[in-house]
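These are the residues of each chain, in order.
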Amino acid sequence: MPSKQYSLVRWLKDIGSDDLALVGGKNASLGELINLEGIKVPNGFAITTDAFKHFVAPLRDEIMERVEKLRADGYESMTLLDRTSREIRSMLEEQSFDDRLKGEITDAYRELNPVGNVAVRSSATAEDLPDASFAGQQDTFLNVANLEELLDKTKKCFSSLYTARAMSYRHGTGFSEDDVSLSVGIQVMVRADWNGVSGVMFTVDTETGNENLILITPHRGLGEAIVQGEVKPDEILVLRHSLCVIQNPQKILDDAHYSELAKQAVAIEDHYAGKFGRRVYMDIEWALDGQSRELFILQARPETIHSRAVSHKRYFFVDDKEKFEVLATGRPVGMKIGHGAATILDSVAEIDSFKEGQVLVTRMTDPDWEPIMKKASGIVTDQGGRTCHAAIVAREMGVPCIVGTETGTKTIAQGREVTVSCVEGELATVFSGLPAYEVEEISLEHIPTTRTKIMLNVGSPDKALASACLPQDGVGLARLEFIIASHIGQHPLYLLKLGKEDVFVEKLVSGLSRIAGAFFPKPVIFRFSDFKSNEYANLTGGRAFEPEEENPMLGWRGASRYYDDRYREAFKLECAAMRKVIEEFGLDNVNVMVPFVRTPREAERVRAIIDGEGVKAGVYMMCEIPSNVILAKDFLPYFDGYSIGSNDLTQTTLGLDRDSALVSHLYDERNEAVKILIASVIRTCKEMGKKVGLCGQAPSDFPDFAKFLVECGIDSFSVTADVAVKTRLLVAEIEKAQADR
Ligand code: PEP
Ligand code: MG
């Protein structure tokens with residue numbers, strides 16, 4: 001049956017973004033969407049701004065008279081503003097619809113023929129209302145049951161144009177009352193309140209600006225609670241390029257629904273990109289009907305708050321910091337300054353006494369301290385070196401940390417206000433008191449590209465989304481043991497024994513996919529787990545499977561485990577997780593890496609397992625033992641290239657324990673012997689046509705070491721996120737000087 005001819009109402013399918021003045025922003029966008037292939041919008045019609053003007057016409061002089069009076073007497077008087085608002089609103093709400101308007105609305109409602117209720121929503125003419133924040137000021141009514149109620153609520157929408165807040169806003173923004181108008185949208189209700197689900201989704205991760213992921217927030221029942229910020233909803237993450245769900249904690253809906261929603265979000269964003277001539281992130285409201293189980297889009301608008309990170313922070317002292325007493329010194333981690341009350345803790349059991357913003361002072365931390373480290377404004381440890389894993393975790397969390405002070409827990413008094421400084425080169429200082437410092441923002445807008453690829457070291461999947469927004473060429477090192485410690489916490493052999501190996505794989509997949517997804521399509525190198533036996537033993541259930549070793553640093557770690565009958569099945573779980581991320585999630589930017597390989601025979605055996613488990617990825621080996629350099633020609637045939645692990649290569653070349661504070665003054669990657677090995681192995685790789693990079697800590701800490709690598713012609717090296725920008729600028733300068741020579 002052809003639609004009736006209307007003049008004061010318009011069907012959603014007959015309108016689009018060009019009709020904004022006639023139907024308001026919300027209706028215009030619903031009109032755009034309802035005609036998009038693959039998008040379902042609840043059917044409905046718009047009561048146009050012409051209808052509003054028609055309705056208001058008999059009252060217009062009276063309204064304008066009151067507005068004039070308000071203008072003359074001043075909007076500042078809240079009593080007058082309130083009274084004027086109340087008077088105008090009751091005039092509108094008491095006025096009857098004339099036959100023409102009532103007839104059109106009635107006919108359209110009958111033609112819509114809703115099985116259940118309808119929603120009655122205000123749709124403001126956004127082009128006239130200068131600020132997006134104005135949206136949402138007018139009323140919306142859900143679950144409107146019949147025609148009579150619909151007419152009543154329509155009037156209430158009209159009258160909501162004259163709330164005191166709206167009038168005052170218009171006055172404040174210089175918007176003329178002569179031109180105000182409103183459209184109302186009538187739509188079939190999606191039954192989200194009855195066994196349904198509703199929510200919001202964004203085509204960007206709103207916290208970090210990472211645009212590889214669609215963020216969906218579902219909520220059981222009606223979506224208003226989310227929109228109003230009353231509930232803290234689940235956060236679902238979906239990969240944009242493959243529509244695979246990588247985070248779905250509570251399964252309010254199954255993955256297939258979220259994939260479908262993400263697909264629709266991408267289609268909507270693409271549609272508007274075509275219209276605007278550029279990509280605009282979208283903020284979309286949706287609902288799943290509790291009866292039909294169908295998904296509907298309820299609204300879509302550009303996401304206005306978020307923009308990409310455009311700057312990077314640099315910390316420096318501005319005052320005479322020498323006036324402040326030095327309480328301890330050690331090695332710096334992270335290039336920041338932090339301050340707060342010193343809190344000395346003996347063990348992680350005292351975790352509850354630690355307050356946000358305090359400076360943690362302790363003997364040594366391990367991954368169990370993570371919850372405290374997150375809250376700390378600074379960390380000071382007696383033990384450990386710059387490359388110990390506690391330091392690496394602190395750096396990534398962006399907390400300034402001083403390791404290896406030897407005396408911190410004794411020389412710093414409990415409760416003393418201290419400043420932790422990691423910005424003065426190789427010696428970090430704990431000051432008593434608070435010397436003044438400033439933070440400078442470096443613009444990320446004109447960051448050069450470089451021949452040498454500068455990648456990032458990423459530990460925690462939680463940081464990946466933000467780090468990927470920095471200038472970078474991918475991830476040079478993501479350590480699996482960090483993901484296992486923070487996301488799983490249980491020994492793989494223990495889970496295998498319980499028959500719960502799927503838990504291990506699933507959780508690992510979740511961490512891996514978050515990192516690889518954040519950086520897609522740039523390459524990401526995951527290093528197979530390289531816990532030492534003492535660290536493995538700390539995982540739940542680990543003691544039963546781990547030997548007591550005199551020197552775990554040089555013991556059963558890396559490759560030697562993977563083919564060993566006592567560990568092989570656990571290694572295969574890591575391979576299974578890699579395979580799933582590559583094959584099921586389409587993250588073909590994933591590469592894998594094998595640490596601590598002592599002999600070519602070990603290389604052969606591990607490579608055979610990786611291939612046997614069907615991991616189709618680039619496979620790299622870490623070069624971190626002198627044998628790897630001396631016999632490079634025998635190791636490299638099994639791999640696509642080397643990534644030099646300068647942390648271990650320094651340890652193994654100089655024969656010192658990198659975790660020992662006693663010999664830490666001798667630990668220096670710039671030692672000539674280490675540099676000779678590195679220069680030599682870069683040459684060999686190049687001769688053999690293999691890729692060569694470096695993923696140890698040295699270039700993050702020492703600009704002269706970064707320069708040395710560039711001059712050796714290394715293909716890539718990776719640094720921590722805090723120095724990503726600085727390193728890139730430095731490398732560009734070095735490369736330019738090389739070219740000018
Ligand atoms: C290295 O040894 O340089 C390295 C990057 O690995 P890890 O620090 O995890 O031993
Ligand atoms: Mg290593």
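These figures come from a predicted structure and were not determined experimentally.

A. The nonpolar core, seen in detail. Counting residues in each nonpolar core, the largest one holds 103 residues, and the members touching the most others are Ile515, Phe519, Phe526, Phe528, Tyr642, Ile644 and Ile678. Among the elements that take part in this core, helix H16 (residues 501-519) stands out by supplying nine residues, more than any other. Residue contributions to this core reach at least three from each of two domains, namely domain 2 (197-308) and domain 4 (444-740). Leave out the neighbours within four places in its chain, and Tyr642 touches Tyr620, Met621, Cys623, Asn628, Ala632, Phe635, Leu636, Val681, Cys685, Lys691, Val692 and Gly693.

B. Focus on the site of ligand 1. Lining the immediate environment of ligand 1, one finds 14 residues, of which Arg479, Arg527, Gly645, Asn647 and Arg658 sit closest. Here Glu624 contributes a side-chain N or O atom positioned 3.0 Å from an oxygen atom of ligand 1. Between Ser646 and ligand 1, the recorded distance is 3.1 Å, taken from a backbone N or O atom to an oxygen atom. The fraction of the free accessible surface of ligand 1 (290 Å²) that becomes covered by protein chains is 100%. For the shell around ligand 1, the element with the highest residue contribution is helix H23 (residues 646-654), accounting for three residues.

C. Representation of the packing of aromatic side chains. Summed over the entire model, instances satisfying the criterion amount to 15 aromatic pairs. Judged by centre distance (6.3 Å) and plane angle (80°), the rings of Trp556 and Tyr567 are edge-to-face. Pair noted here: Trp556 is in the loop between helix H17 (533-538) and helix H18 (559-562) and Tyr567 is in the loop between H18 and helix H19 (568-583), with a separation of eleven residues, a long-range link. Relative accessible area serves as the criterion here: at 12%, Trp556 is assigned to the buried category. The buried category is assigned to Tyr567, whose relative accessible area is 1%. In this arrangement the basic side chain of Arg557 is found over the ring face of Phe596, its NZ or CZ atom lying 3.8 Å from the centre. It is Arg561 that lies over the ring of Tyr567; its NZ or CZ is 5.1 Å from the centre.

D. Geometry of the pattern of salt bridges. As enumerated under the stated definition, the model contains 43 salt bridges in all. Ionic pairing is found between Glu211 and Arg279, a salt bridge with its closest N-O pair at 3.5 Å. In this pair, Glu211 sits in the loop between strand S6 (197-202) and strand S7 (213-220) while Arg279 sits in the loop between helix H9 (255-276) and strand S10 (282-288), placing the two residues 68 residues apart along the sequence. Arg279 gets classed as partly exposed once you look at its relative accessible area, which sits at 36%. Sharing partners across several salt bridges, the network here consists of Glu481, Arg527, Asp530, Arg557, Asp648 and Arg658.

E. Seen up close, the pairing of S10. Among the seven residues in S10, seven count as buried, and that is most of the element. Across the two faces of S10 the burial is the same, with Met282, Ile284, Trp286 and Leu288 and Asp283, Glu285 and Ala287 all buried. Alignment of S6 against S10, held across six bridges, turns out to be antiparallel. Within S10, the residue paired with Met201 across the bridge is Ile284.

F. The coordination of the magnesium ion (ligand 2), seen in detail. Those donors, Glu624 (OE) and Asp648 (OD), are the protein atoms that reach the magnesium ion (ligand 2), and they lie 2.0 to 2.3 Å from it. Separated by 24 residues along the polypeptide, Glu624 in the loop between strand S25 (618-623) and helix H21 (626-630) and Asp648 in helix H23 bring together distant segments of the chain. The residues Glu624 and Asp648 share a single accessibility class, namely buried.

G. Examining the sheet that holds strand S1 (residues 9-11) more closely. Spatial strand order, S1-S2-S5-S3-S4: five strands in an open sheet with antiparallel pairing. Looking along the sheet, the strands with just one partner apiece sit at the ends: S1 and strand S4 (140-144). Between one strand and the next, the sheet's axes are offset by a mean angle of 20°, whatever the strand orientation. With four bridges connecting them, strand S2 (residues 44-47) and strand S5 (residues 182-188) associate as antiparallel partners. Note that in S5 the partner of Phe45 across the bridge is Ile186.

H. Representation of the domain arrangement of the protein chain in the model. Segmentation of the protein chain into domains returns domain 1 (9-188), domain 2 (197-308), domain 3 (323-441) and domain 4 (444-740). Every contact between the two is made by 14 residues of domain 1 and, on the other side, 16 residues of domain 2. Taken together, both faces of the contact between domain 1 and domain 2 bury some 1400 Å²; the carbon and sulfur share is 61%. Linking domain 1 with domain 2 are two salt bridges, by the criterion used here. Here Glu294 ties to Lys40 by a salt bridge, and the two come within 2.9 Å at their closest N and O atoms. Applying the counting criterion to the domain 1 and domain 2 interface returns five residue pairs in polar contact (both at pLDDT 80 or more). Tallying contributions element by element places helix H1 (residues 20-34) first for the side of domain 1 that touches domain 2, with five residues. Residue composition of the side of domain 1 that touches domain 2, grouped by class: seven nonpolar, three polar and four charged.

I. Quick peek at the side chain of Asn210. Mapped onto the elements of the fold, Asn210 is located in the loop between S6 and S7. Using a relative accessible area of 3% as the deciding quantity, one classes Asn210 as buried. At 3.2 Å, the side chain of Asn210 forms a polar contact with the backbone oxygen of Leu465. A distance of 3.2 Å separates a polar atom in the side chain of Asn210 from the backbone oxygen of Ala518.

J. Broad picture of the sheet that holds strand S9 (residues 245-247). The antiparallel open sheet is built from six strands, whose spatial order is S9-S8-S7-S6-S10-S11. Of all the strands in the sheet, just S9 and strand S11 (295-302) have a single pairing partner and so form its edges. Across the sheet, the mean angle from the axis of one strand to that of its neighbour is 25°, orientation sign disregarded. In this structure, S10 lies alongside S11, joined through seven bridges in antiparallel fashion. By the bridge assignment for S11, Asp283 is matched with Arg301.

How each quantity is defined
Residues numbered from 1 in each chain as written. Chains lettered and ligands numbered in written order. Predicted model: local features only at pLDDT ≥ 70, side-chain atom pairs only at ≥ 80, totals over all residues. Heavy atoms only, no water. Core = buried A, V, L, I, M, F, W, Y, C linked by side-chain atoms within 4.5 Å. Buried < 20%, exposed > 50% of the residue type's maximum accessible area, 1.4 Å probe, protein only. Helix = DSSP H or I, 4+ residues; strand = E, 2+ residues; numbered from the N terminus. Domains from an automatic or database assignment. Contact = heavy atoms within 4.5 Å. Near = heavy atom within 4 Å. Polar contact = N/O pair within 3.5 Å; in protein donor to acceptor, adjacent residues only side chain to side chain. Areas by Shrake-Rupley, 256 points an atom, 1.4 Å probe, with all protein chains shown as cover. Phe/Tyr/Trp six-rings, centres within 6.5 Å; stacked < 30°, edge-to-face > 60°. Lys NZ or Arg CZ within 6 Å of the ring centre and 35° of its normal. Salt bridge = Lys/Arg side-chain N within 4 Å of Asp/Glu carboxyl O. Pairing = 2+ DSSP bridges. Donors = N, O, S within 2.8 Å, 3.2 Å for Na, K, Ca; no water. Axes fitted to C-alpha atoms, helices over the stretch in contact; angles between N-to-C directions. Buried area = accessible area lost by both parts, 1.4 Å probe. Nonpolar A, V, L, I, M, F, W, Y, C, P; charged D, E, K, R; others polar.

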